[in-house]
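# Structural description and commentary
The residues making up each chain are set out below.
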Amino acid sequence: MLDAKVAELLNAQVNKEFYSAYLYLDFSNFYTDNGLEGFANWYKIQAQEERDHALLFMKYLQNNGHKVTLDAIDKPDKELKELADPLHGGYEHEQLVTSLIHSIYEAADNVKDFRTMQFLDWFVKEQGEEETNAEGLIKKYDLFGSDPRALYMLDNELGGRVYSAPSLVL
Ligand code: FEO
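Presented here is a report on the structure given in the accompanying data block. Only a predicted model underlies this, so the values are computations on that prediction, with no experimental measurement involved.

Now for the pattern of salt bridges. Applying the stated criterion across every chain yields a total of 6 salt bridges. Arg51 is paired through a salt bridge with Asp52; the nearest N and O atoms lie 3.0 Å apart. Taking relative accessible area as the criterion, Arg51 reaches 35% and is therefore assigned partly exposed. With a relative accessible area of 8%, Asp52 lands in the buried category. Between Glu92 and Lys78 there is a salt bridge, with the nearest N and O atoms lying 2.7 Å from each other. Taken together, the residues span a long stretch of sequence, with Glu92 in helix α3 (residues 85-110) and Lys78 in the loop between α2 (37-63) and α3 at a distance of 14 residues. The partly exposed category is assigned to Glu92, whose relative accessible area is 48%.

Following the sequence through the fold, Asp142 ends up in helix α4 (residues 114-144). On the basis of relative accessibility, which here comes to 56%, the residue Asp142 falls in the exposed class. Considering only alpha carbons, one finds Asp142 and Leu80, 62 residues apart in sequence, at a separation of 17 Å.

Time to look at unusual backbone geometry. A positive phi angle, close to 50 degrees, is found at Lys112, a residue other than glycine. Within the secondary structure, Lys112 sits in the loop between α3 and α4.

Over its 31 residues, α4 extends 45 Å from the first C-alpha to the last, a length consistent with the 45 Å expected when each residue adds 1.5 Å. At Leu120, α4 shows its largest kink, close to 30 degrees.

This paragraph deals with the packing of aromatic side chains. Inspection of every chain in the model, using the stated rule, returns 12 aromatic pairs. Ring plane angle 5 degrees and centroid distance 4.1 Å describe the contact between Tyr60 and Phe119, whose orientation is recorded as stacked. One end of the pair, Tyr60, is in helix α2; the other, Phe119, is in helix α4, and 59 residues separate them in sequence. Residue Tyr60 shares its accessibility class with Phe119, and that shared class is buried. Taken together, the ring pairs in this structure connect Tyr24, Phe27, Phe30, Tyr31, Phe39, Trp42 and Tyr43 into an aromatic cluster. Against the face of Trp42 rests Arg161, its NZ or CZ located 4.3 Å from the ring centre.

Now for the side chain of His66. By secondary structure assignment, the location of His66 is in the loop between α2 and α3. Each residue touching His66, except ones within four places of it in the same chain, is listed here: Met1, Leu2, Ala7 and Leu61.

Ranked by internal contacts, the top residues of the largest apolar core, which has 24 residues, are Tyr31, Phe39, Tyr43 and Leu87. Considering every element that reaches this core, the biggest residue donor is helix α1 (residues 4-33), with 7 residues. Discounting residues that sit within four places of it in the chain, Tyr43 has contacts with Tyr24, Phe27, Ser28, Tyr31, Pro86, Leu87 and Leu137. Within the second largest apolar cluster, 23 residues are counted, among which are Ile101, Met117, Phe119 and Leu168.

Moving on: the packing of α2 against α3. Their axes nearest at 13 Å, the elements α2 and α3 cross at an angle of 15 degrees. As the angle between them shows, α2 and α3 are arranged roughly parallel. The hand of the α2/α3 crossing is left-handed. Residue-level contacts link Phe39, Tyr43, Gln46, Glu50 and Phe57 of α2 to Pro86, Leu87, Glu94, Ile101 and Ile104 of α3.

Conventions used here
Residues numbered from 1 in each chain as written. Predicted model: local features only at pLDDT ≥ 70, side-chain atom pairs only at ≥ 80, totals over all residues. Heavy atoms only, no water. Salt bridge = Lys/Arg side-chain N within 4 Å of Asp/Glu carboxyl O. Buried < 20%, exposed > 50% of the residue type's maximum accessible area, 1.4 Å probe, protein only. Helix = DSSP H or I, 4+ residues; strand = E, 2+ residues; numbered from the N terminus. Expected span 1.5 Å × (residues − 1). Bend = angle between axes of the 7 residues up to and from the residue. Phe/Tyr/Trp six-rings, centres within 6.5 Å; stacked < 30°, edge-to-face > 60°. Lys NZ or Arg CZ within 6 Å of the ring centre and 35° of its normal. Contact = heavy atoms within 4.5 Å. Core = buried A, V, L, I, M, F, W, Y, C linked by side-chain atoms within 4.5 Å. Axes fitted to C-alpha atoms, helices over the stretch in contact; angles between N-to-C directions. Parallel < 35°, antiparallel > 145°, perpendicular 65-115°, else oblique. Left-handed = near helix turned anticlockwise from the far one by under 90°.

Rendered as structure tokens:
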């Protein structure tokens, strides 16, 4: 059995990951409304990845004999006005998610729950990649966003992102 605090945090993370998916769908819709289908595609796939993360947390709880409680998902709360707003919002959000994953890791470490720590290792690495990607998008936009032709090419590049299932299998 999992420690009660660890199980509570893992269950809360299911909600956070679904919220991430919801937030990124909001970003995707914002870009569709602004005619940037490549950016919209990038965030739609990001939303699919977040849903996968939620399912992985659910499966881990179930594999350890815990019932999953699904709570209401908050409304996306980032104000989107400028084209760069989702990029900054996404980076900020990934930093928050990293801190949440680290908090669960810390709780597992406190009770010597090595199994959960090993499960979370994949997410620790994933968060590093997600922060790098989110920061990279900001850098690209800062470089090319003000030139319509370069923005068109960047949009095309982001439109090429395809979904792939997570490498973590439980
Ligand atoms: Fe599930 Fe973007 O972290």
